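Okay, here's what each chain looks like letter by letter:
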Amino acid sequence: MVHAVPSRSDALRAHRAAGGGLAAVLPIHYPRALLRAHGLLPVEVWGPPGRSTASGDAHLQGYTCSIVRCALSFALDGGLKDAQVVMVPHGCDSLQALGSLLLDLVPPGMPVLPLYLPRGRRPADEEFLAAELRAVGSRLAEITGRRPTDGELLARAAAEEAADEALAALWEARPRLPHTNREFYRLLRAREYLPAERFTPLARAALDQPGPAAEGLPVLLSGIVPEPASLLDALDRLGVLVVADDLACSGRRVYPPAVHSDPYRRLAQSLMGGPPDPMRGDPFAARNAHLKRLAEEAGALGALFWEVKFCEPEQFYLPSAQQALQGRGVRCLTVEVDLADPLPAAAVNRIEAFAETLS
């Protein structure tokens with residue numbers, strides 16, 4: 001088992017008790033180090049799942065993805081009351097619409113910071129993102145009263161890079177680790193709310209945890225987020241082991257370290273160095289090559305695309321990604337879910353039938 005991973009509520013309670021501030025952050029790519037340098041712990045809002053979306057649905061089209069519907073309802077129902085700021089990266093049109101709603105129509109009671117991410121990886125895109133991060137940093141300074149030096153920003157960047165390296169090491173070591181799917185993702189997703197200085201030692205300790213390697217039919221898990229979490233219990237019960245990850249909440253955020261002496265360029269380089277991602281508008285060929293490499297290196301027999309309903313960027317890339325994997329002999333299954341709903345029994349039945357084709 002993975003020990004000593006605090007729950008989200010316990011971690012936030014302890015952080016607030018110590019006088020720390022919080023930043024509620026929507027998916028997907030954002031500058032953790034910049035928020036930490038301004039005294040704010042980023043806490044990610046992936047929904048949250050399993051809640052009523054009634055208050056948010058009054059402001060959104062029926063075909064909006066459930067992450068945005070749940071998040072808006074959570075904000076309107078007071079779920080963000082402990083945060084000092086809300087950051088909304090432009091990961092897709094739905095998130096952009098959510099940012100506009102929170103800025104102009106249904107303000108949550110604290111500052112809302114949009115973050116515009118480039119849809120390319122050219123030098124000009126890096127310059128744009130560095131300038132955008134500088135602008136966000138100036139706004140954070142107005143809100144928090146803190147003006148970190150370049151040295152402080154670089155130190156925070158180094159700490160986050162160490163945590164990202166630990167995250168990458170966990171996936172590299174996955175085939176020999178003893179953890180179940182549920183235990184492994186409990187640790188991985190602690191990155192969404194734990195400070196880097198707490199996550200890194202937990203990850204390193206897990207790498208040294210003794211025990212026989214977990215067993216199961218090896219699969220690649222792709223999509224946005226593994227919710228409802230009972231999905232992981234179902235995979236454990238059915239003897240399916242996730243050995244490679246292309247989830248937006250995890251594998252797509254294994255950022256490489258950067259070396260630029262300017263802190264904002266360093267943050268931009270790291271954010272732009274992550275794996276190919278539909279939310280970045282990366283070329284099909286780059287994404288397909290990445291997925292094939294993940295599957296081959298981990299020995300995955302199948303790929304489970306666990307998709308949030310109405311997620312247009314994901315659906316746009318899906319046919320090409322499946323064709324690329326199937327061309328390498330990797331069987332594929334796609335399941336669409338609404339995060340506001342419990343795990344559908346029909347989805348579990350489909351995964352069970354899929355597992356039988358892999359055995």
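Residues numbered from 1 in each chain as written. Predicted model: local features only at pLDDT ≥ 70, side-chain atom pairs only at ≥ 80, totals over all residues. Heavy atoms only, no water.

### Focus: unusual backbone geometry
Note the cis peptide between proline 27 and isoleucine 28, where omega equals 10°. By secondary structure assignment, the location of isoleucine 28 is in the loop between strand E1 (21–25) and helix H2 (32–37). A cis amide bond links glutamate 227 with the next residue in sequence, proline 228, at an omega value of -5°. Note on placement: proline 228 falls in the loop between strand E5 (217–223) and helix H10 (230–237). Although it is not a glycine, phenylalanine 310 adopts a positive phi angle of roughly 70°. Topologically, phenylalanine 310 is positioned in the loop between strand E7 (302–308) and helix H13 (312–326). (Helix = DSSP H or I, 4+ residues; strand = E, 2+ residues; numbered from the N terminus.)

### Observations regarding the sheet that holds strand E6 (residues 240–247)
Spatially, four strands are ordered E6-E5-E7-E8 in an open sheet, and the strand pairing comes out parallel. Two strands close off the open sheet at either side, each with one partner strand: E6 and strand E8 (331–337). Taking each pair of neighbouring strands and ignoring which way they run, the sheet shows an average axis angle of 25°. In this structure, E5 lies alongside E7, joined through five bridges in parallel fashion. By the bridge assignment for E7, valine 219 is matched with glycine 302. Seen against the sheet, helix H8 (residues 181–188) touches E5 and E6 and runs at an angle of roughly 25° to E6. (Pairing = 2+ DSSP bridges. Axes fitted to C-alpha atoms, helices over the stretch in contact; angles between N-to-C directions. Contact = heavy atoms within 4.5 Å.)

### Quick notes on the pattern of salt bridges
A full pass over the atoms with the stated rule returns 26 salt bridges. Notably, a salt bridge pairs arginine 122 with aspartate 125, separated by 2.9 Å at the nearest N-O pair. Beyond isolated ion pairs, a larger network of salt bridges with shared partners links Asp246, Arg252, Asp277, Arg287 and Glu314. (Salt bridge = Lys/Arg side-chain N within 4 Å of Asp/Glu carboxyl O.)

### Considerations on the packing of aromatic side chains
Going through the model one piece at a time under the given rule, you end up with six aromatic pairs. Here the aromatic rings of phenylalanine 284 and phenylalanine 316 are separated by 5.5 Å at their centres, their planes lie at 75°, and the arrangement is edge-to-face. With phenylalanine 284 in helix H12 (residues 284–298) and phenylalanine 316 in helix H13, this residue pair connects regions lying 32 residues apart in the sequence. Residue classification places phenylalanine 284 among the partly exposed positions, given a relative accessible area of 30%. On the accessibility criterion, phenylalanine 316 (60% relative accessible area) is exposed. Both rings, one in phenylalanine 284 and one in tyrosine 317, keep their centres 4.7 Å apart while their planes meet at 40°; by these two values the pair is tilted. Taken together, the positions of phenylalanine 284 in helix H12 and tyrosine 317 in helix H13 put the pair 33 residues apart, joining distant regions of the chain. Members of the aromatic cluster, joined through ring pairs, are Trp171, Phe184 and Tyr185. Residue placement shows arginine 174 over the ring face of phenylalanine 184; its charged tip is 4.3 Å from the ring centre. (Phe/Tyr/Trp six-rings, centres within 6.5 Å; stacked < 30°, edge-to-face > 60°. Buried < 20%, exposed > 50% of the residue type's maximum accessible area, 1.4 Å probe, protein only. Lys NZ or Arg CZ within 6 Å of the ring centre and 35° of its normal.)

### Digging into the sheet that holds E1
Strand order in this open sheet of four strands is E2-E1-E3-E4, and the pairing throughout is parallel. Every other strand in the sheet has two partners, leaving strand E2 (40–44) and strand E4 (112–115) as the edge strands with one partner each. Each strand axis lies, on average, 25° off the axis of its neighbour in the sheet, ignoring direction. Pairing of strand E3 (residues 85–89) with E4 involves four bridges; the strand directions are parallel. By the bridge assignment for E4, valine 88 is matched with proline 114. Lying on the sheet, helix H1 (residues 8–17) is in contact with E1 and E2; it crosses E2 at an angle near 165°. The strands touched by helix H6 (residues 123–144) within the sheet are E2, E3 and E4, with E4 carrying the most contacts at an inclination of about 170°.

### Topic: the packing of helix H7 (residues 150–173) against helix H9 (residues 196–207)
Contact geometry for H7 and H9: axes closest at 9 Å, N-to-C directions at 25°. Accordingly, the angle class assigned to the pair H7 and H9 is roughly parallel. Considering how the two elements wind past one another, H7 and H9 form a crossing that is left-handed. Contact residues: H7 offers Arg156, Ala159, Glu160, Ala162, Ala163, Glu165, Ala166, Leu167, Ala169, Leu170 and Ala173, while H9 offers Ala196, Glu197, Phe199, Thr200, Ala203, Arg204, Ala206 and Leu207. (Parallel < 35°, antiparallel > 145°, perpendicular 65-115°, else oblique. Left-handed = near helix turned anticlockwise from the far one by under 90°.)

### Observations regarding the side chain of asparagine 288
Along the chain, asparagine 288 turns up in helix H12. Overall, the relative accessible area of 11% leaves asparagine 288 in the buried class. At 2.7 Å, the side chain of asparagine 288 forms a polar contact with the side chain of serine 320. (Polar contact = N/O pair within 3.5 Å; in protein donor to acceptor, adjacent residues only side chain to side chain.)

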